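Here is how the chains run, residue by residue.
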Amino acid sequence: MERTLSLIKPDAVSRNLTGAINSRFEQAGLRIIAQKRLRLTTSQAEKFYEIHRERAFYGSFCEYMSSGPIVAQVLGGENAVLRNRELMGATNPANAEIGTIRRDFGESIEHNAVHGSDSLENAAVEIGFFFSELEIIE
Ligand code: CMP
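Given the structure is predicted, the values throughout are model-derived calculations rather than measurements. (Residues numbered from 1 in each chain as written. Predicted model: local features only at pLDDT ≥ 70, side-chain atom pairs only at ≥ 80, totals over all residues. Heavy atoms only, no water.)

1. Here we look at the sheet that holds strand β4 (residues 114-116)
Two pairing modes exist for strands in a sheet, parallel and antiparallel, and in both the strands are linked by backbone hydrogen bonds.
Step number 1: Read across the sheet, four strands follow the order β2-β3-β1-β4 without closing on themselves; strand pairing throughout is antiparallel. Bordering the open sheet on either side are β2 (31-38) and β4, each of which pairs with just one other strand. The mean angle between the axes of side-by-side strands here comes to 20°, regardless of whether they run parallel or antiparallel. (Pairing = 2+ DSSP bridges. Helix = DSSP H or I, 4+ residues; strand = E, 2+ residues; numbered from the N terminus. Axes fitted to C-alpha atoms, helices over the stretch in contact; angles between N-to-C directions.)

As structure tokens, then:
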């Protein structure tokens, strides 16, 4: 069983889509084994997305990620990292396949509804950013 970090971003939380997105995970056989609603400060968002520091969108994207509440969650299941990436679809909703979360709920490349870890290695780091082991219940 793998674990991956998922974030429901401010655009989707503000449009009350948390339940609709969670049902996509559950219907696909992923389990929500930890979940919390929180609001990042801009500096916390900058730390989480540090890998993108040199990109032109970094500043505005980190402002956006701290503009309202998000839902952070750990998804568990077989091949959870890849499975979640398939469910999310391409980063830009315009390029995402029909039926994916970003195609159905994303508004733009920045307001693309969800984030998901891109590898098992990064998932462990990203989960540790938001959760202690005590908060993850399999
Ligand atoms: P995410 O999976 O959260 O990881 C980094 C995020 O940066 C990505 O989703 C996008 O929402 C955002 N992003 C990537 N490219 C761009 C871009 N060209 N303009 C704005 N935001 C971007």
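2. Things to note about the packing of aromatic side chains
Step number 1: If you walk through the whole model with that rule in mind, you get seven aromatic pairs.
Step number 2: Their ring planes at 75° and their centres at 4.7 Å tell us that Tyr-49 and Phe-61 sit as a pair that is edge-to-face. Of this pair, Tyr-49 sits in the loop between α3 (42-48) and α4 (58-65) while Phe-61 is found in helix α4, placing the two residues twelve residues apart along the sequence.
Step number 3: The exposure class assigned to Tyr-49 is buried, which follows from its relative accessible area of 5%. (Phe/Tyr/Trp six-rings, centres within 6.5 Å; stacked < 30°, edge-to-face > 60°. Buried < 20%, exposed > 50% of the residue type's maximum accessible area, 1.4 Å probe, protein only.)

3. A few points about the side chain of Gln-73
Step number 1: Note that Gln-73 resides in strand β3 (residues 70-77).
Step number 2: Take Gln-73: its relative accessible area is 0%, and that puts it in the buried class.
Step number 3: Only 2.6 Å separates the side chain of Gln-73 from the side chain of Gln-35, close enough to count as a polar contact.
Step number 4: In this structure Gln-73 touches Thr-4, Leu-5, Ser-6, Ile-8, Asn-22, Phe-25, Ile-32, Ala-34, Gln-35 and Phe-131, once residues within four positions along its chain are discounted. (Polar contact = N/O pair within 3.5 Å; in protein donor to acceptor, adjacent residues only side chain to side chain. Contact = heavy atoms within 4.5 Å.)

4. A few points about the side chain of His-115
Step number 1: Its place among the elements puts His-115 in strand β4.
Step number 2: Among the residues examined, His-115 registers a relative accessible area of 12% and is labelled buried.
Step number 3: At a separation of 3.1 Å, a polar atom in the side chain of His-115 contacts the side chain of Glu-126.
Step number 4: Aside from chain neighbours lying at most four places away, what touches His-115 is Leu-5, Ser-6, Leu-7, Lys-9, Phe-48, Tyr-49, Met-88, Arg-102 and Glu-126.

5. Remarks on the pairing of strand β1 (residues 2-8)
Each regular strand carries side chains that alternate between the two faces of the sheet.
Step number 1: Burial within β1 is extensive, with five of its seven residues counted as buried.
Step number 2: By the bridge criterion, seven bridges tie β1 to β3 in an arrangement that is antiparallel. By the bridge assignment for β3, Arg-3 is matched with Gly-76.
Step number 3: Examined bridge by bridge, β1 and β4 share three bridges and lie antiparallel to one another. The residue of β4 that forms the bridge with Ser-6 is Gly-116.

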